[in-house]
Amino acid sequence: MKLIVAIIQSKDSQQLQASLVKGGFRATQLSSTGGFLKAGNCTFLIGVEEEKIDDALAVIKKTCHTRVQYVTPTFLMPEAASSLSEPVEVQVGGATCFILPVDKFVRF
Ligand code: 2BA
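Residues numbered from 1 in each chain as written. Predicted model: local features only at pLDDT ≥ 70, side-chain atom pairs only at ≥ 80, totals over all residues. Heavy atoms only, no water.

Caption draft 1: How the structure looks around the overall build of the protein chain. Secondary structure summary: the protein chain contains three helices and six strands in total. Each of the 108 residues in the protein chain was classed as buried or not, and the buried ones make up 30%. Residue pairs at least 24 apart in sequence account for 66% of intrachain contacts in the protein chain once pairs closer than 6 positions are excluded. Within the structure as shown, the protein chain displays about 7400 Å² of accessible surface, and the carbon and sulfur contribution to it stands at 54%. (Helix = DSSP H or I, 4+ residues; strand = E, 2+ residues; numbered from the N terminus. Buried < 20%, exposed > 50% of the residue type's maximum accessible area, 1.4 Å probe, protein only. Contact = heavy atoms within 4.5 Å. Areas by Shrake-Rupley, 256 points an atom, 1.4 Å probe, with all protein chains shown as cover.)

Caption draft 2: Structural detail: the pairing of strand β1 (residues 2–9). In this sheet, strand β3 (residues 40–48) lies alongside β1 in antiparallel orientation, the contact comprising eight bridges. When the sheet's bridge partners are listed, Lys2 is paired in β3 with Val48. Bridge count between β1 and strand β6 (residues 95–101): seven bridges; the pairing is antiparallel. Bridge pairing in β6 links Ile7 to Thr96. (Pairing = 2+ DSSP bridges.)

Caption draft 3: Structural detail: the site of the ligand. Lining the immediate surroundings of the ligand are Ile7, Gly34, Gly35, Phe36, Leu37, Asn41, Val90, Gln91, Val92, Gly93, Thr96 and Phe98. Interatomic distance of 3.2 Å between a backbone N/O atom of Gly35 and an oxygen atom of the ligand. Within the complex, 51% of the 750 Å² of free accessible area of the ligand lies under protein. Elements represented by at least two residues in the shell around the ligand include exactly β5 (88–92) and β6. No other element matches the three residues that β5 contributes to the shell around the ligand. Of the residues that constitute the shell around the ligand, the class distribution is six nonpolar, six polar and no charged. (Near = heavy atom within 4 Å. Polar contact = N/O pair within 3.5 Å; in protein donor to acceptor, adjacent residues only side chain to side chain. Nonpolar A, V, L, I, M, F, W, Y, C, P; charged D, E, K, R; others polar.)

Caption draft 4: Region of interest: the environment of Cys64. Examined against the element boundaries, Cys64 turns out to sit in the loop between α2 (53–63) and β4 (67–71). Classification of Cys64 by relative accessible area gives buried; the value is 7%. As a C-alpha pair, Cys64 and Leu16 span 48 residues in sequence and 7.2 Å in three-dimensional space. Excluding residues that lie within four positions of it along the chain, Cys64 makes contacts with Ile8, Asp12, Leu16, Gly94 and Ala95.

Caption draft 5: Spotlight on the sheet that holds β1. Taken in spatial order, the four strands of this open sheet run β2-β3-β1-β6, and their pairing is antiparallel. Here the strands that pair on one side only, and so sit at the sheet edges, are β2 (26–33) and β6. Across the sheet, the mean angle from the axis of one strand to that of its neighbour is 20 degrees, orientation sign disregarded. Against the sheet, helix α1 (residues 13–22) touches β1, β2 and β3, its axis set at about 10 degrees to β3. Here α2 sits on the sheet in contact with β1, β3 and β6, set at roughly 5 degrees to β1. (Axes fitted to C-alpha atoms, helices over the stretch in contact; angles between N-to-C directions.)

Interpretation in functional terms is not warranted from these geometric data alone.
This is the structure we're talking about:
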């Protein structure tokens, strides 16, 4: 078994949860915060048999969309507020997925 840790945008979370259940996957959804934008996002923990990893990733890929966000650089560098004011484009995934080995899995 593997554990997929998938960080996605909150806007896609309901659809992903529904698609995973429909695909026969079990998942836990956590509220999280991106370190860069400091905005809320969602982290899914999905325990998956090794042979189903690609299927689960396909569901995530199909459901989670890349979006563009604009950030004012003053948000990143408050000390340079007077010289930097034009919003900067940031592409937010999709999904950032980590696939981890699971030593043991039990359910009681
Ligand atoms: P955030 O950290 O809020 O990042 C949002 C978006 O800002 C990122 O989208 C990326 O386009 C940009 N970004 C992040 N750090 C940057 C930097 N140091 N310089 C320039 N641009 C930067 P994604 O890459 O799609 O990431 C979406 C969210 O996934 C992240 O939200 C974070 O919560 C998570 N994430 C991404 N990579 C990660 C990693 N290596 N480890 C842990 N979490 C990660």
